[in-house]
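# Chain and residue survey
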Amino acid sequence: MDRRTFFKAGITTAGAVSTGMATQIYASEKSGHSKTEILPGELDDYYGFWSGGHSGEVRILGIPSMRELIRIPVFNADAGTGWGYTDYSKKMMDGMISGDTHHVHLSYTDGTYDGRYAYVNDKSSGRLARIRIATMAVDKIISIPNSQGTHGIFPQRHKTGYVFCNAEFRTPLALEDMDSPEKYGALHSAVDGETMEVKWQVLVNGNMDLCATDYEDKYSFATQYNSEGGAFLEEMIALDQDFLLAFNIAEIEKAVKDKKIMTIGDSKVPVVDARAENSPYVLRIPIPKSPHGVNVDPTGRYAICAGKLSPTCSVVDIKLIEKAFAGKIKPRDCVVAEPEIGLGPLHTCFDGRGNAYTSLFIDSNITKWNISKAIQAFQGKKVNPIIDRQDVHYQVGHTNASMSETKDADGQWLIALCKLSKDRFLNVGPLHPENDQLIDISGEKLKLVHDGPTYIEPHDCVMVPRDMINPMKFTDRKGEEYEMYDRWAKEDKVGKLTRKAKVVRKSETHVRVYMPCKAPKYKLKEFEVMEGDEVQVILTNTNKIEDLGHGLVVSHHDVCFTVNPKDTKSYTFTARKPGIYWFYCPQFCHALHLEMRGRMIVRART
Ligand code: RUQ
Ligand code: CUA
């Protein structure tokens, strides 16, 4: 039997293995976990979109192998690709090259993913970015006005209209109020998912945390801790009750249309004030102390809030919200179950079979429970909603299951994103990796099948069957970035960027260098500039071969970026002391890759 056939033969032949090496490779099959093994050359079943926490990036993983396939730089500077240094990425980031990506959610059509966009928040500078899935690159970054700590985000599910963004931090509305925290407010923002414009904002008292939407485009939700409005920790956790906020989208849109709005600071975005006790714009549903996650189940019926400082999950029946807005029932009557799950519940996901899975931070555990049984128990019936518990390692934050946030939840895989890994991997010093654990949820019991080390610090993820995600092999050169290059080329009479090399002196101190390249040559063997010049290189990779990237390094000038086949990027730097500086291609592209280079000649100014 050859090695590959042997691998495929699986567990029955595993006993015949005699060398240490081979038994190692077989470890997963031996313990019955062959479902996660993706053999060389085989492809994963799911794409996973992982936020990167304060690395600022997004990562694409293959599930179930848990192999990291690529990183998408978003709110970070990446020397590998040049993101954060190239002209266009720099412009989009507006000088802020760090970020904190917590939540990544994909665009929807009819309650399921449509493969167009991924949206991701930056908690650190209050921004929202959009990744175009066709190119797996960021095509837009916006700043949310008057918002600090943009945390929970969620798109509408019928057809991505708005992407809602919660400001976690309360801030003064005017400078005079800086010293009066009781007057601070927080904004729930509606961003148009297509144009990425902030359409309106709703002002509330108290913090907002996680965000969700229903399946009918009627409501968006925000969990609210610190409804006390405190500025210090003790104040923030003083009361035993906080809220789930349900925003009434039609009422808010009507107020915007009727100009019942205000504006804050320099921003022109209409703000609807929802701070009044019985506001028609927001329903405040009382739930226990300092809730964290809110997740809507795949049927669209229930919004489930995880208690964080309460050991419970509160199940809100979305159907009842209309009655509560109309004053026919009390807001609290929307809560139809409140099962005790365990200590430190943070997030909940679903298998599409009526079960919920809640992460318990303090217990380091994922608990599976049944939603209808929890409702029966709340009505006084003697049923236990808890089905199974799986210990995880350790201190789990988010958990998510394959397609859990769509009507097509398929109940195959669950991820526990554990904040601490402690002893689960080889010791690599004081900074440990996180541990993203893969759990098989296809059966009644949870089955832990894989430990996946991750670098600082993914928060959340979504998993999508691979046929729903179809990136291109080459860029289609669409969007503002390419309009910019075309504008320059026209201005400088370069014609097609792919054809001609040209050095254009734009001013006394500004030079543009148009440089097409194709393995193993740059179209310019050398170019000349003056010391102190601002040099802008517009590099176009004219290779039409899949995966054949080039790039540009200019020695001693802090220039390093790459350009995919058929793509263009530009980079601006200042020419230093007079001399000869070799520029070269950093991406191994050809047998003559090392020869793919030339000289930048910097002349002294006289
Ligand atoms: S949060 S660990 Cu920033 Cu999503 Cu809950
Ligand atoms: Cu082009 Cu190496």
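A few points on the structure.

Quick notes on the rules
- Residue numbers restart at each chain and count upward from 1, following the sequence in its written direction.
- Written order determines the labels here, with chains lettered from A and ligands numbered from 1.
- A pLDDT threshold of at least 70 governs which residues receive local features in this predicted model, and a stricter bar of 80 or more applies before side-chain atom pairs are shown or counted, although totals over entire chains, interfaces and linings include all residues.
- Calculated side-chain values reflect all of the structure's heavy atoms, with hydrogen atoms and water omitted.
- What we call a nonpolar core is a set of buried Ala, Val, Leu, Ile, Met, Phe, Trp, Tyr and Cys residues that are connected through their side-chain atoms within 4.5 Å.
- The buried label goes to any residue with under 20% of its type's maximum accessible area, the exposed label to any with over 50%, and the partly exposed label to all in between, with areas taken from a 1.4 Å probe on protein chains only.
- Where helices and strands are cited, they refer to DSSP runs of H or I of at least four residues and of E of at least two residues respectively, numbered from the N terminus.
- Whether two residues touch is decided by their heavy atoms; if any such pair falls within 4.5 Å, the residues are in contact.
- Only Phe, Tyr and Trp rings are paired, with Trp represented by its six-membered ring, and only when their centres lie within 6.5 Å; those with planes under 30 degrees apart are stacked, over 60 edge-to-face, the remainder tilted.
- Criterion for a charge above a ring: Arg CZ or Lys NZ at most 6 Å from the ring centre, at most 35 degrees from the ring normal.
- By salt bridge we mean one thing: a side-chain nitrogen of Lys or Arg within 4 Å of a carboxyl oxygen of Asp or Glu.
- A pair of strands is considered paired only if DSSP assigns at least 2 bridges between the two.
- In this analysis, axes come from line fits to C-alpha atoms, helices being fitted only over the stretch in contact, and the angle between any two N-to-C directions falls in the range 0 to 180 degrees.
- Here, proximity means that at least one heavy atom of the residue falls within 4 Å of the molecule or strand.
- Note on residue categories: nonpolar means Ala, Val, Leu, Ile, Met, Phe, Trp, Tyr, Cys or Pro, charged means Asp, Glu, Lys or Arg, and polar means any other residue, Gly included.
- The method works on a 1 Å grid over the protein atoms by themselves. A cavity is a set of points holding a 1.4 Å probe that cannot get out, a pocket is an open set with protein on both sides within 12 Å along at least five of seven lines, and residues with an atom within 4 Å of a point line them.
- Grid points are joined across faces, edges and corners, and a volume is the space filled by probe spheres set on the points.

### Digging into the nonpolar core
Counting 60 residues, the largest nonpolar core has Phe49, Val74, Leu106, Trp200, Phe247 and Val464 as the members making the most contacts within it. No other element matches helix α10 (residues 480-491), which puts 5 residues into this core. For Trp200, the contacting residues outside a window of four places in its chain are Tyr162, Phe164, His188, Ser189, Ala190, Ile249, Ile252, Glu253, Val256, Val269 and Pro270. Of all hydrophobic cores here, the second largest spans 28 residues; its members include Cys517, Ala519, Ala575 and Met596.

### Describing the environment of Gly230
On the secondary structure map, Gly230 appears in the loop between β13 (219-224) and α6 (233-236). Along the sequence, Gly230 and Asn427 sit 197 residues apart, while their C-alpha atoms lie 41 Å from each other. Setting aside its immediate chain neighbours within four residues, Gly230 contacts Arg170, Glu235 and Met236.

### Focus on the packing of aromatic side chains
Summed over the entire model, instances satisfying the criterion amount to 13 aromatic pairs. Arranged with centres 5.1 Å apart and planes meeting at 45°, the rings of Tyr108 and Tyr113 form a pair that is tilted. By way of ring pairs, the aromatic residues Tyr108, Tyr113 and Phe154 are connected into one cluster. Arg130 extends its terminal NZ or CZ atom over the ring of Tyr117, reaching a point 4.0 Å from the ring centre. Between the NZ or CZ atom of Arg597 and the centre of the ring of Trp582, over which it lies, the distance is 4.6 Å.

### A closer look at the pattern of salt bridges
Per the counting criterion, the structure on display carries 37 salt bridges. Notably, a salt bridge pairs Lys569 with Glu481, separated by 3.1 Å at the nearest N-O pair. Placement of Lys569 in strand β37 (residues 568-574) and of Glu481 in helix α10 is noted, with a sequence separation of 88 residues between them. For Lys569, a relative accessible area of 16% corresponds to the buried category. Note that Arg512 and Asp492 form a salt bridge whose closest N and O atoms lie 2.8 Å from each other. Of the two residues, Arg512 is situated in strand β31 (residues 510-518) and Asp492 in the loop between α10 and β30 (502-507); the sequence distance between them amounts to 20 residues.

### Considerations on the sheet that holds β13
By way of backbone hydrogen bonds, the strands of a sheet pair with one another, either parallel or antiparallel. Taken in spatial order, the 4 strands make up an open sheet running β12-β13-β14-β16, and their pairing is antiparallel. Looking along the sheet, the strands with just one partner apiece sit at the ends: β12 (211-213) and β16 (282-288). On average, adjacent strands in this sheet sit at an angle of 25° to one another, irrespective of strand direction. Pairing geometry for β13 and strand β14 (residues 241-248), over 6 bridges, is antiparallel. Pairing of Phe221 across the sheet is with Ala246, part of β14. Contacts from helix α7 (residues 249-257) reach β13 and β14, with the element oriented near 60° to β14.

### Quick look at the site of ligand 1
Around ligand 1 lies a shell formed by His102, His103, His151, Leu210, His292, His347, Gly397, His398 and His459. Classifying every residue of the shell around ligand 1 gives 1 nonpolar, 8 polar and no charged.

### Some points on empty space enclosed by the protein
Taken as a whole and judged by the stated rule, the model has 1 cavity of 30 Å³ or more. The volume enclosed by the largest cavity comes to roughly 80 Å³. The wall of the largest cavity is formed by 14 residues, among which His105, Leu210, Cys211, Asn295 and Asp460 lie closest to the centre. Among the secondary structure elements, those contributing two or more residues to the lining of the largest cavity are β8 (148-155) and β17 (294-296). Sort the elements by how many residues they give to the lining of the largest cavity and β8 lands first, with 3 residues.

### Topic: the sheet that holds strand β19 (residues 313-317)
As summarised here, the arrangement of the 4 strands in space is β17-β18-β19-β20, forming an open sheet in which the pairing is antiparallel. Both outer strands of the open sheet, β17 and β20 (335-337), are each paired with one neighbouring strand and no more. Each strand of the sheet is rotated relative to its neighbour by a mean of 35°, with strand direction disregarded. Sitting on the sheet, helix α9 (residues 371-378) is in contact with β18 (302-306), β19 and β20, with an inclination near 100° to β20.

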